[in-house]
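# Observations on the model geometry
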Amino acid sequence: MDEVFARLREKLRRAAELPGSGDVFGAKAHGFRMRPPLPEADVAAFERAHGVRLPEPYRAFVTEFGDGGAGPDYGVLPLADAAGMIVDDPVSRLAEASPFEADRVYGPQWWDELYDREGDDAEHCRGALAVVHGGCALYTLLVVTGPARGRLVRVDLDGGLAPLVLDDVDFLAWYERWLDDVIAGYGTTFFHDRLLGGEVAFVAGARDADPARRARAVSSFNALPEVSEAGRRAVVAAVGDPDARVRAAALWTARRLRIGEAVSAVRGALTHPEAETRRMALGTLSALGCADLPGLARGLLADPVGAVVAAAVLALQEAGALTVADVAPLVRSVDVGVRVAAVHGLREAHGDVTGLVAGALADPEARVRWTAVQAAEKRGLSGLRPVLARLLEAEEDPTVLVNLRRVVPALEVR
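### Structural notes on the sheet that holds strand β3 (residues 152-156)
With antiparallel pairing, the four strands of this open sheet are ordered in space as β1-β2-β3-β4. The open sheet is flanked by β1 (128-135) and β4 (164-165), the only strands paired with a single partner. With two bridges connecting them, β3 and β4 associate as antiparallel partners. Bridged to Arg-154 within β4 is Leu-164.

### Observations concerning unusual backbone geometry
Its identity as a non-glycine residue notwithstanding, Cys-136 has a phi of 50°, on the positive side. With respect to the element layout, Cys-136 can be found in the loop between β1 and β2 (138-143). What makes Cys-136 exposed here is its relative accessible area of 78%. Phi is positive for Arg-258, close to 55°, though the residue is something other than glycine.

### Focus: the side chain of Asp-303
Along the chain, Asp-303 turns up in the loop between α15 (293-299) and α16 (306-318). Within polar-contact distance, the side chain of Asp-303 engages the side chain of Arg-278 at 2.9 Å. Beyond its immediate sequence surroundings of up to four residues, Asp-303 is in contact with Arg-278, Val-308 and Val-309.

### Digging into the packing of aromatic side chains
Following the criterion strictly, the structure yields 14 aromatic pairs and no others. Look at Tyr-58 and Phe-171: their rings are 5.0 Å apart centre to centre, the planes differ by 75°, and that puts the pair in the edge-to-face class. Placement of Tyr-58 in helix α4 (residues 56-65) and of Phe-171 in helix α8 (residues 171-184) is noted, with a sequence separation of 113 residues between them. No difference in accessibility class separates Tyr-58 from Phe-171, as the two residues are buried. Where Phe-61 meets Phe-65, the ring centres are 5.2 Å apart and the plane angle is 40°; that geometry is what we call tilted. In this pair, Phe-61 and Phe-65 are both assigned in helix α4, four residues apart and thus about one turn of the helix distant. Its relative accessible area of 7% is what places Phe-65 among the buried residues. Cluster of aromatic residues (ring-pair linked, three or more members): Phe-5, Phe-32, Tyr-58, Phe-61, Phe-65, Phe-171, Trp-174, Tyr-175, Trp-178 and Phe-191. Over the aromatic face of Phe-191 sits the side chain of Arg-177, whose NZ or CZ is 4.1 Å from the ring centroid.

### What about the nonpolar core?
One finds Phe-221, Leu-282, Leu-346, Val-357 and Leu-388 to be the most contacted residues of the largest nonpolar core, which totals 79 residues. In this structure, Leu-282 is in contact with Leu-270, Leu-293, Ala-297, Leu-300, Val-308, Ala-311, Ala-312 and Ala-315, ignoring residues within four places of it in sequence. Core analysis: the next-biggest nonpolar cluster, separate from the first, contains 40 residues, Leu-8, Leu-94, Leu-164 and Val-182 among them.

Definitions and cut-offs
- Residues numbered from 1 in each chain as written.
- Predicted model: local features only at pLDDT ≥ 70, side-chain atom pairs only at ≥ 80, totals over all residues.
- Heavy atoms only, no water.
- Pairing = 2+ DSSP bridges.
- Helix = DSSP H or I, 4+ residues; strand = E, 2+ residues; numbered from the N terminus.
- Buried < 20%, exposed > 50% of the residue type's maximum accessible area, 1.4 Å probe, protein only.
- Polar contact = N/O pair within 3.5 Å; in protein donor to acceptor, adjacent residues only side chain to side chain.
- Contact = heavy atoms within 4.5 Å.
- Phe/Tyr/Trp six-rings, centres within 6.5 Å; stacked < 30°, edge-to-face > 60°.
- Lys NZ or Arg CZ within 6 Å of the ring centre and 35° of its normal.
- Core = buried A, V, L, I, M, F, W, Y, C linked by side-chain atoms within 4.5 Å.

The analysis is restricted to geometry; functional conclusions fall outside its scope.
Below is the structure:
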């Protein structure tokens, strides 16, 4: 282990000295510094108290390298914090077998299935240490007990994301990969989700038979400081993938990396039968500066799915091409989300919006009303002040009232 930890210390030093190292996600929390290692006796006492033996790579890390400090996200947690971060009564739960399996791909429904089997009080994080906190409800667990012992699992305690068993064989491999990514200039925001290896592995993964792996491979390109022509081609091809997860990853990646070669494929996605693909395609084309976007977006203002219509309004708004004629039919939509998007668009729509804003102030949905109040303020519609003043006297929704109390006096001054 001496050779391993000497290598890690050298990589940690290099990472800390890189220009811009302070901008690495979470670096302000850990400062690329390690806490002192724990004495062997303290770790042994911890193991006796919890009735476990820590996985050897992690145990060596804690006793020889440091008891937490520099690491992914906001840094590696100290052993004492890792044990009690997310599990009530950790002394009685760490020795229980973790439900995670080493090579299983989990779907978002897994959380519900677990509770169906074990009841609402089931502790899905039992048998594991929370070695890293990624912010909000995101944690990286190290499995201590059970079939996935020694592996790391990324979890979202809110259940919004499916658990992900990371590909790293153990804690030290995972930690060294983080150091390598920092030194190579990889985007560490994508550290946990990306496939192992570099761009060659991502290109190959984008052709994998498993759609979940294809989606991860396509998303992995976001970690790279630069993407080659082969990588860009892989992303473009994935826009037409038969699996929704892969298409979503490709559309987001093309958008984030500004892959102009994807415009033709993304334009074709506007007619895809899946609404989410159409919606995301609009946002991607907007980000890519597609020249004919206004015409394409107008074609989707009549889409049967409200989320797509709202995205089309936003795309026209961002392109500076939204008109009153575009919005007028939408402010009467039965879909509340469409009405909100349409009224929000009135802030910048070309033409006289006074009548449409006035109508929206009487909408039965509070979200539409407060958006209309904001539109009146943005457009300086002082002629609507009497209407707004009457609404202020009758309004009961607290958010609408907050907006009215700000806007009514401001329009009087104008």
